[in-house]
Amino acid sequence: MSDKKAVIGLLAHVDAGKTTLAERILYAAGEIRNPGRVDHRDTFLDTDAQERERGITIFSKQARLSWKGMDVTLLDTPGHVDFSAEMERTLQVLDCAVLIINGADGVQSHTLTLWRLLKRYGVPVFLFINKMDQPGTDADELLAGVQKALDGRCVSFASPEGGRSDEFYENIAVCDEALLEKYLERVEQADAGRQQAADGKQGQCAAQRQQGQAAADEPQGGKSPVSDGEIAALIGGRQLFPCFFGSALHGDGVEDLLDALLSYAPTPKYGEAFGARVFKITRDAQGNRLTHIKVTGGSLKVKQTIMTAADKAAEVDGLPNRTGGAADCAEKIDQIRQYSGEKYETVQGAAAGDICALLGPEHTYCGQGLGTEKETVLPVLEPVMTYRVNPPEGCDIHDLFRKLCKLEEEEPMLHLVRQELSGELHVRLMGEVQIEILKKLIGERFGLEVDFDEGSILYKETIADAAEGVGHYEPLRHYAEVHLILEPGDRGSGLAFRSRLSEDDLDRNWQRLILTHLEEKTHLGVLTGSPITDMQITLAAGKSHLKHTEGGDFRQATYRALRQGLCRAESVLLEPVYEFRMEVPASLVGRAMTDIQAMSGRFDPPETMGEEALLTGTVPVSEFGGYHTKMLAYTGGKGRLFTRMKGYEPCHNTDEVIERIGYEAEHDLENPCGSVFCAHGAGFVVEWDHVEEYMHLEPALKAEQNNGAGAGDFAARYAKRTASGGTAVDFIGQDEIEEIFARTYGTKEPKKQGWARTIRAKTAEPAEVEYRGSRTKQEDYLLVDGYNIIFAWEELYALAKTDLNAARGRLMDILCNYQAFRKMHLILVFDAYRVKGNPGSVEHYHNIDVVYTKEAETADQYIEKVTHEMSRKNHRVRVATSDGLEQIIILGAGAIRVSARELLEEVRAAEKEMREGFDISIG
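Residues numbered from 1 in each chain as written. Predicted model: local features only at pLDDT ≥ 70, side-chain atom pairs only at ≥ 80, totals over all residues. Heavy atoms only, no water.

### Quick notes on the overall build of the chain
Logical step 1: If you tally the helices and strands in the chain, you get 28 helices and 42 strands.
Logical step 2: Sorting the 923 residues of the chain into buried and exposed places 49% on the buried side.
Logical step 3: Only carbon and sulfur atoms are counted for the fraction: they give 48% of the accessible area of the chain, which is about 44,300 Å². (Helix = DSSP H or I, 4+ residues; strand = E, 2+ residues; numbered from the N terminus. Buried < 20%, exposed > 50% of the residue type's maximum accessible area, 1.4 Å probe, protein only. Areas by Shrake-Rupley, 256 points an atom, 1.4 Å probe, with all protein chains shown as cover.)

Shown next as structure tokens:
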């Protein structure tokens, strides 16, 4: 007898006999009186009405049984490719798996996918070759095919009459070098014993000689050349894969399989601390939410409180969890259920190794690690098609979204997306069968008849070179800046996030928060708005403000940094690709090769197998739809086609796809590429290609490394703008100046009623300040003679002696602060009349307008012209200057004169009021 406990999964290509084997196992263990049949619709585990109607497993189910003292939890998984995601989630909780292969068909395409998944999750495998009762099946040929397609270490464990042979043990021993050495030593010892028996004394009687021979034949210790423990160790380490042959329908070979599981199935070692893995979310007939878990450490009891792995990590680090949401919840267990088919029993506790369902937790999710258990890895299988949901007429789209979110909990691969602008709902699905199942499920669960549009390919995006992304978020009283380095990763590697920042540069709290924001959503690329993948994203720099930074600020800065980096990098569009295996008559292999080439596919040189030819290769999913039917037609039903998802590769028709989708990254309001900066109490948006001009931290990448396509364009623009003495000013003609001023300060034409103000913060070209509405309301204007003020104020005059440009910049900053507090239209005018060939220019500097006069035009002349124009429009105009002649002209034009001293006093008074107001707000 044994006190062993094991969680065993059943996996197979569709129609391989998996559910039939489950019925026979339950029957052999005495759990059911009669084995059910799929065609009779009376199986123990296919309990859903749609499963029985279609004869396929849609949802993973569990059954509990006992075999010679071993407690087994049997998990039956879906075999149809459309429900592969359900199967993959189950792999995470298995101790071992039984892979069923159809003896009539051998290894099929989905079998290869299952084998690859079992290897990835490190699950030990037993193989059961089913349907051996069908004519034409040959065990030796099937075993050879399995060894070629899957692994050469697949060894037949079929028990021949007279026991297992030396060849059987030798086949096992060669699977491991260390074991092979031990095996050879034992064989040599046995041979030596036989030789000693043969050379024994002549005086021995026959009985003594027979006894000596028997002792020589018996291996050391009275055991087989390879012990059961050594075999179990090889199986547990995935170095040996036992193969059994039989017929599940008739029960042949089933008990041999169960005995092998009893002897060789690995027994995991569990820790004392509580840990569990969530692998499924369902709802019972009453609508109660159930969390299906495997306990991987310690124990679990009713009324116990559980916390997520993220919460535990936060407590260990001694840091508060700033991400919010479900991660902050402590979940209480109201009930523990152990299911077997449709029925269940409630228990007070669950021990390590148990599969159970929890009633009570509301914030768990598939793949979640509880207690000491870590989060799951990203799934391999994922949908490659996206569909738009068409709700019934009169249906509330928001209510439908909430209902579908419940289904998304149970099937996370749906990836439900609600597009805010269009109001459309989109889901990702594996295929047509899943669509039909989902329609019926929505109808049964919510009483709604929904439809789905024709599916479209789910593209992805990555990058071809490294780039640095900068995100800055600084509206008034908020602050955060993030620098991310984006590097291309290996194909199929997904997204990896890390930080290389020291805690001296940015607090650990903020670093963890930035990484959380990178992981918490699906980030979109800039070519087609498709999800990004295959990148290494590194937090390289960051900055916070002691008083003004909040958690949401870093969320905005992080999102914007990633988008800005994508704009700078060279993006690559990826498309899903099938790996195919095609068997066609040799005379038609040319036709097949031509078709694959026409679909932009690739293939290896064909292999001839008698009258048939084998063709393998890859082909884009977008081009392969419906080809199976076409192939069957031109081969007269003699061809066979097997496909499986290989992954994503560079798109074969990138330009066509980008044009068809028509995505514009800079106009995506939900995923902005630019940053928000602040100057003089007002926030303004800077487009992605100008962020480097405003960012507060130094670049993390060297110039020669940050060589994305956007970076090159930006460098050229910046060089052009700074070529004339370091000022970021584009000089324009006088006609353009007049046009800008007409647009800025109005013309004599009547205006529409009402007004609005729009500021665009681009400095690469003259900014616009548009005023729309009636000008009957008097507006305040202040015109400042720049150089006159500089030479009249002592601070600026002292600065101008060493650096006139610095004095000019200082005046501009002072007046920006003053304007933000007093709220008038401020125009600062500088003389440029001595600059030969100067056409004049206007620069919108934050919240003021700075004018550089054209050649042969002084600041006085310009101010006079504008003063007359504004006065005629009934505006209140003040001019700040200490020029006596200009003061007389100004008074004659109806403007108000402000001396340099008076302006200085006003500026100081404004600064004092701002400081007092700031102190009051702090207090």
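### Observations concerning the pattern of salt bridges
Logical step 1: This model, assessed by the stated rule, comprises 29 salt bridges.
Logical step 2: Across the pair Arg153 and Asp151 runs a salt bridge, and its minimum N-O distance is 3.0 Å.
Logical step 3: You can call Arg153 partly exposed: its relative accessible area is 29%.
Logical step 4: A salt bridge links Arg568 to Glu692; its shortest N-O distance comes to 3.0 Å. With Arg568 in helix α15 (residues 551-568) and Glu692 in helix α20 (residues 691-694), the pair connects residues that are 124 residues apart, well separated along the chain. Like Glu692, Arg568 is buried.
Logical step 5: Bridged by salt links that share partners, the residues Arg283, Arg289 and Glu409 form one connected network. (Salt bridge = Lys/Arg side-chain N within 4 Å of Asp/Glu carboxyl O.)

### Focus: the sheet that holds strand β38 (residues 825-830)
Logical step 1: Spatial strand order, β39-β40-β38-β37-β41-β42: 6 strands in an open sheet with mixed pairing. Single-partner strands in this sheet number two, and they are β39 (841-845) and β42 (896-898). Shown here is a sheet whose adjacent strand axes are inclined to one another by a mean of 20 degrees, direction ignored.
Logical step 2: Note that β39 and strand β40 (residues 848-852) share 5 bridges and pair antiparallel. (Pairing = 2+ DSSP bridges. Axes fitted to C-alpha atoms, helices over the stretch in contact; angles between N-to-C directions.)

### With respect to the state of the cysteines
Logical step 1: What the rule picks out here adds up to 0 disulfides.
Logical step 2: Of all cysteine sulfurs, the one in Cys243 lies closest to Cys154, which takes part in no disulfide; the gap is 4.6 Å.
Logical step 3: Between Cys567, a free cysteine, and Cys673, which holds the nearest cysteine sulfur, the sulfur-to-sulfur gap is 3.6 Å. (Disulfide = S-S within 2.5 Å.)

### Remarks on the nonpolar core
Logical step 1: Core analysis: the largest hydrophobic core is formed by 48 residues, its most contacted members being Leu21, Val98, Phe126, Phe157, Ile172, Leu240 and Leu261.
Logical step 2: No other element matches the 7 residues that helix α10 (residues 254-264) contributes to this core.
Logical step 3: Those residues in contact with Val98, other than ones at most four positions away along the chain, are Ile8, Gly9, Leu10, Leu11, Leu21, Phe126, Phe128, Leu257 and Leu261.
Logical step 4: Grouped together as the second largest cluster of nonpolar side chains are 32 residues, Val384, Leu414, Leu416 and Val621 included. (Core = buried A, V, L, I, M, F, W, Y, C linked by side-chain atoms within 4.5 Å. Contact = heavy atoms within 4.5 Å.)

### Thoughts on the sheet that holds strand β4 (residues 96-102)
Logical step 1: The strand order across the open sheet formed by 7 strands is β2-β3-β1-β4-β5-β7-β6, and the pairing between neighbours is mixed. Taken across any chain shown, the strands that pair with only one partner, and hence form the sheet edges, are β2 (61-67) and β6 (154-156). If you compare each strand with its neighbour and ignore which way they point, the axes differ by 25 degrees on average.
Logical step 2: Examined bridge by bridge, β2 and strand β3 (residues 70-76) share 7 bridges and lie antiparallel to one another.

### Regarding a nonpolar patch on the surface
Logical step 1: On the surface, Phe791, Tyr797 and Leu804 cluster together into a nonpolar patch covering about 280 Å² of accessible area.
Logical step 2: Counting through the fold element by element, Phe791 comes out in helix α23 (residues 786-792). (Patch = residues over 30% accessible without salt bridge, like charges linked within 9 Å, V, L, I, M, F, W, Y side chains within 5 Å.)

### Some remarks on the packing of aromatic side chains
Logical step 1: Tallied over the full model, the rule gives 17 aromatic pairs.
Logical step 2: Ring plane angle 80 degrees and centroid distance 5.8 Å describe the contact between Phe157 and Tyr264, whose orientation is recorded as edge-to-face. Within this pair, whereas Phe157 is found in the loop between β6 and α6 (166-173), its partner Tyr264 is found in helix α10, the two being separated by 107 residues in sequence.
Logical step 3: Note on Phe157: relative accessible area 2%, which makes it buried. (Phe/Tyr/Trp six-rings, centres within 6.5 Å; stacked < 30°, edge-to-face > 60°.)

### As for the confidence of the model for the chain
Logical step 1: A residue-level look at the chain finds 80% of positions with pLDDT of 70 or above and a mean pLDDT of 80.
Logical step 2: Ranking the elements of the chain by mean pLDDT puts strand β35 (residues 757-759) last, at 30, and strand β25 (residues 480-488) first, at 96.
Logical step 3: The model gives residues 212-222 a pLDDT under 50, and that stretch makes 11 contacts with residues more than four places away or in other chains.
Logical step 4: Residue range residues 309-327 is modelled with pLDDT below 50. Its contacts to residues more than four positions away, or to other chains, number 30 contacts. (pLDDT = per-residue confidence, 0-100.)

### So, the packing of helix α3 (residues 84-91) against helix α4 (residues 109-120)
Logical step 1: Across the interface, α3 lies against α4 with an axial gap of 10 Å and an inter-helix angle of 30 degrees. As summarised for this structure, α3 and α4 are arranged roughly parallel, according to the angle between their axes. Crossing angle aside, the handedness with which α3 passes α4 is right-handed. Packed against α3, whose contacting residues are Ser84, Met87, Glu88 and Leu91, the element α4 presents His110, Leu114, Leu117, Leu118 and Arg120 at the interface.
Logical step 2: Here the contact of α3 with α4 is built from residues that sort into 5 nonpolar, 2 polar and 2 charged. (Parallel < 35°, antiparallel > 145°, perpendicular 65-115°, else oblique. Left-handed = near helix turned anticlockwise from the far one by under 90°. Nonpolar A, V, L, I, M, F, W, Y, C, P; charged D, E, K, R; others polar.)

### Focus: the side chain of Thr549
Logical step 1: Mapped onto the fold, Thr549 is located in the loop between β27 (535-544) and α15.
Logical step 2: Classification of Thr549 by relative accessible area gives buried; the value is 10%.
Logical step 3: Among the polar contacts listed, one links the side chain of Thr549 to the backbone oxygen of Tyr479, at a separation of 2.7 Å.
Logical step 4: Separated by 2.5 Å, the side chain of Thr549 and the backbone nitrogen of His545 make a polar contact.
Logical step 5: In contact with Thr549, other than residues within four places in its own chain, are Tyr479, Trp510, Ser544 and Phe554. (Polar contact = N/O pair within 3.5 Å; in protein donor to acceptor, adjacent residues only side chain to side chain.)

### So, the environment of Thr19
Logical step 1: Following the sequence through the fold, Thr19 ends up in helix α1 (residues 18-28).
Logical step 2: Taking the relative accessible area as the measure of exposure, Thr19 reaches 7% and is therefore buried.

### With respect to the environment of Ala276
Logical step 1: Note that Ala276 resides in strand β8 (residues 275-283).
Logical step 2: For Ala276, a relative accessible area of 0% translates into the label buried.
Logical step 3: Measuring from C-alpha to C-alpha, the distance between Ala276 and Lys294 comes to 5.5 Å, with 18 residues separating the pair along the chain.
Logical step 4: Dropping the residues within four chain positions of it, Ala276 is found in contact with Ile293, Lys294, Val295, Thr296, Gln368, Gly369, Leu370 and Glu373.

### Regarding the packing of helix α12 (residues 397-410) against helix α13 (residues 432-446)
Logical step 1: Between α12 and α13, whose axes approach to 11 Å, the crossing angle comes to 120 degrees. With respect to each other, α12 and α13 are oriented oblique. By crossing handedness, the relation of α12 to α13 is classed as right-handed. Residues Lys403, Leu404, Leu407 and Glu410 of α12 form the contact with α13, whose own contacting residues are Leu438, Leu441, Ile442, Arg445 and Phe446.
Logical step 2: Among the residues forming the contact of α12 with α13, the class breakdown is 6 nonpolar, no polar and 3 charged.

### Some points on the pairing of strand β7 (residues 241-245)
Logical step 1: With respect to burial, β7 is a largely interior element, 5 of its 5 residues being buried.
Logical step 2: Here β7 shows a buried face lined by Phe241, Cys243 and Phe245 and a second buried face lined by Pro242 and Phe244.
Logical step 3: Pairing of strand β5 (residues 125-130) with β7, which is carried by 3 bridges, proceeds in the parallel orientation. Looking across to β7, one finds that Ile129 is bridged to Phe245.
Logical step 4: Bridge count for β6 against β7 is 3 bridges, and the pairing is parallel. When the sheet's bridge partners are listed, Cys154 is paired in β7 with Phe241.

### Some details on unusual backbone geometry
Logical step 1: Positive phi outside glycine occurs at Asp15, with the angle close to 70 degrees.
Logical step 2: Positionally, Asp15 belongs in the loop between β1 (5-12) and α1.
Logical step 3: Unlike most non-glycine residues, Lys68 shows phi in positive territory, near 50 degrees.
Logical step 4: Within the secondary structure, Lys68 sits in the loop between β2 and β3.
Logical step 5: A relative accessible area of 45% means that Lys68 is categorised as partly exposed.

### Details of a negative patch on the surface
Logical step 1: Judged by side-chain charge, Glu177, Glu181, Glu185 and Glu188 come together as a negatively charged surface patch.
Logical step 2: Relative to the helices and strands, Glu181 is located in helix α7 (residues 177-198). (Lys, Arg positive; Asp, Glu negative; His and termini not counted. Charge placed at Lys NZ, Arg CZ, Asp CG, Glu CD.)

### Quick look at the pairing of β8
Logical step 1: With respect to burial, β8 is a largely interior element, 8 of its 9 residues being buried.
Logical step 2: Looking at chain direction, β8 and strand β9 (residues 289-297) are connected through 8 bridges and run antiparallel. The residue bridging Val278 from the neighbouring strand is Ile293, located in β9.
Logical step 3: Counting the residues that bridge the hairpin from β8 to β9 gives 5 residues, and of these Gly287 lies at a positive phi of roughly 90 degrees.
Logical step 4: Bridging between β8 and strand β17 (residues 369-371) involves 3 bridges; their strand directions are antiparallel. Each bridged residue has a counterpart across the sheet, and for Ala276 the counterpart in β17 is Leu370.

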